[in-house]
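# Working through the structure, step by step
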Amino acid sequence: MLPALLAALLGLWGLERGGSMWRDESVTWQVAHRPLDGLWGLLARVDAVHGLHYLLMHGVFAAWDGGLWALRLPSVAATALAAAGVAAIGHRLAGGRAALLCGLVYAALPPVQMYAQEGRSYALVAAAVVWATYLMLCERWTAYAAVLLLGCWLHEFAALALLAHACTAWRSRGWRIAAGAALTLLLPLALVSSRQAQQQLGWLGRPAWQDWAAYAVLAGAALLLARGAAERDLVRVALPLALLPPGLLMALSLVHPWYVDRYVLYALAGFALLAGARLAAARGWWPWLLAAALLVPAGIWSAWLRTPESRKDDALAVASAVRERARPGDAVAFLPARRREWLLSSPEVYGALRDVALDRSPAASHSLQGTELGPREIREALVGSPRVIALLDPAGQPLDPYPKEAVKRQTLDARFDLCSVSAVRGARVAVYARPGTCP
């Protein structure tokens with residue numbers, strides 16, 4: 001099928017992103033490489049929402065430890081599967097011509113391409129939601145519940161798709177039973193992850209104006225495409241899918257900040273269905289001219305997504321910079337502690353340094369970044385180090401006010417000379433030495 005082929009080819013294009021890996025992917029890499037008993041211990045404390053994906057990736061790496069390709073190929077395959085699913089929905093509701101165009105639009109959307117090349121669960125969730133939508137239209141309720149539940153266990157915000165499905169199928173007793181079964185079987189994960197929510201999502205703020213503006217553009221375009229469309233059955237499926245999951249999550253985030261656009265990536269399937277169906281029904285040349293014009297900025301955006309600069313940071317670039325600067329016996333300090341993630345996916349670099357603030361390793365503490373010593377112990381460990389490689393956030397970022405973080409900054413400023421500081425993608429690598437010993 002052409003949409004799946006296009007999605008696969010776009011996913012494989014520049015898959016390594018210049019040999020870069022940002023910190024969320026680094027979490028996937030290092031967690032999926034843990035022994036299974038250690039993985040279970042971690043999920044009981046944190047990141048249960050990603051547990052099924054970590055288990056899947058554990059199996060992938062056990063079968064083939066293929067670096068960035070092994071990390072990202074499951075997302076490429078899932079995006080191809082999702083594009084095929086969008087085409088299948090389009091075929092059922094609007095015919096063969098619409099099926100082709102709906103699937104191609106989905107594969108070509110830059111955000112879809114972005115998460116097709118990311119070692120996280122979002123492309124897999126999108127594939128599950130798309131095929132659950134198709135199974136709903138076929139009234140295959142057991143399969144529908146199973147596939148939707150798979151998506152929800154990959155990331156529980158897939159359950160928001162039920163709101164969109166309710167707009168189409170709420171009168172069906174079979175749908176109500178299937179939806180109830182999926183929610184019931186999701187409940188164990190929801191209970192565990194709710195206890196982890198503050199630790200898991202505490203970094204999030206309320207949606208910014210850019211988020212609202214992006215949603216307004218998407219909603220406006222979806223409503224415009226739906227207006228006057230001949231395929232009313234397709235509109236009844238696609239429009240709620242495009243609007244309700246992100247809209248509700250943004251509204252909820254005014255109270256509990258939970259919104260990130262990738263959590264509802266699957267909503268773009270609704271937009272692709274509307275756009276593809278309208279293109280298929282278009283008469284005259286102007287819709288095609290508009291579509292061709294949009295391909296130019298979309299192509300530029302797509303090319304940029306294949307660069308390291310398209311992500312917040314680059315853990316592999318940070319590790320490379322540390323490797324170049326480190327000497328035998330050097331200490332390493334992470335400011336803040338959660339930036340330890342920059343080196344955890346490069347054990348050959350991290351293992352050659354003394355992590356002076358570390359109390360228990362990530363594996364031993366069943367955590368993502370390990371646990372650290374108390375402020376007094378951190379100060380003593382730093383003072384006893386001739387040289388310290390410090391990994392810091394970019395300049396201008398807010399500083400963590402916690403005592404452990406404050407004592408790291410104060411000790412380095414008071415007891416060491418700053419020999420050098422280098423900006424690396426999304427990070428700074430600073431070298432400190434005892435007074436008078438900088439090169």
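Below or above, wherever it landed, is the structure these notes cover. (Residues numbered from 1 in each chain as written. Predicted model: local features only at pLDDT ≥ 70, side-chain atom pairs only at ≥ 80, totals over all residues. Heavy atoms only, no water.)

### Let's talk about helix α15 (residues 286-305)
Just so we agree on the cut-off: Helix and strand definitions follow DSSP, with helices as H or I runs of at least four residues and strands as E runs of at least two, each counted in order from the N terminus. Helix span, expected: 1.5 Å multiplied by one less than the number of residues in the helix. We call a residue buried when its accessible area falls under 20% of the maximum for its residue type, exposed when it is over 50%, and partly exposed in between, using a 1.4 Å probe and counting protein chains only. Working rule for contacts: check all heavy atoms of both residues, and any pair within 4.5 Å makes them a contact.
The terminal C-alpha atoms of α15, which comprises 20 residues, lie 29 Å apart, in line with the 28 Å expected from a rise of 1.5 Å per residue. Every buried residue of α15 is accounted for by Pro287, Ala298, Ser302 and Leu305. Elements that come into contact with the buried residues of α15 comprise α7 (110-116) and α14 (267-281).

### A short note on the environment of proline 287
With respect to the helices and strands, proline 287 occurs in helix α15. When near neighbours in sequence (up to four residues on either side) are disregarded, proline 287 contacts Leu279 and Ala282.

### Topic: unusual backbone geometry
The omega torsion across leucine 335 and proline 336 is 10°, close enough to zero to call that bond cis. You can see proline 336 is positioned in the loop between β1 (331-335) and α17 (341-344). The phi dihedral of arginine 17 is positive, around 50°, even though this residue is not glycine. By the element assignment, arginine 17 lies in the loop between α1 (2-12) and α2 (23-32). Judged by relative accessible area, which is 1%, arginine 17 ranks as buried. The backbone phi angle of aspartate 47 is positive, close to 65°, even though this residue is not glycine. Tracing the backbone shows aspartate 47 in the loop between α3 (36-43) and α4 (51-63).

### So, the pairing of strand β7 (residues 427-433)
The two faces of the sheet receive side chains in turn, since in a regular strand these alternate between them. The cut-off we apply is this: Strand pairing requires that DSSP identify at least two bridges connecting the strands.
Among the 7 residues that make up β7, 6 are buried, leaving the element largely enclosed by the rest of the structure. Sheet topology note: the strand β5 (residues 387-392)/β7 ladder contains 6 bridges and is antiparallel. Bridge pairing in β7 places leucine 392 opposite arginine 428. Pairing between strand β6 (residues 417-424) and β7: 7 bridges, direction antiparallel. By the bridge assignment, valine 421 is partnered in β7 with alanine 430. Between the end of β6 and the start of β7, which pair antiparallel, lie 2 residues, with glycine 426 showing a positive phi angle near 75°.

### A closer look at the packing of aromatic side chains
Rules: Only Phe, Tyr and Trp rings are paired, with Trp represented by its six-membered ring, and only when their centres lie within 6.5 Å; those with planes under 30 degrees apart are stacked, over 60 edge-to-face, the remainder tilted.
Tallied over the entire structure, the rule returns 7 aromatic pairs. Through a chain of ring-to-ring contacts, the aromatic side chains of Tyr115, Tyr122, Phe157, Trp258 and Tyr263 assemble into a single cluster.

### Some words on the pattern of salt bridges
Note the following rule: Only one rule defines a salt bridge in this text: a Lys or Arg side-chain nitrogen within 4 Å of an Asp or Glu carboxyl oxygen.
By the definition in use, this model includes 17 salt bridges. Its salt-bridge partner being glutamate 405, residue lysine 408 comes within 3.4 Å of it at the nearest N-O pair. Of the two residues, lysine 408 and glutamate 405 are both situated in helix α21 (residues 403-415); the distance of 3 residues between them amounts to about one turn of the helix.

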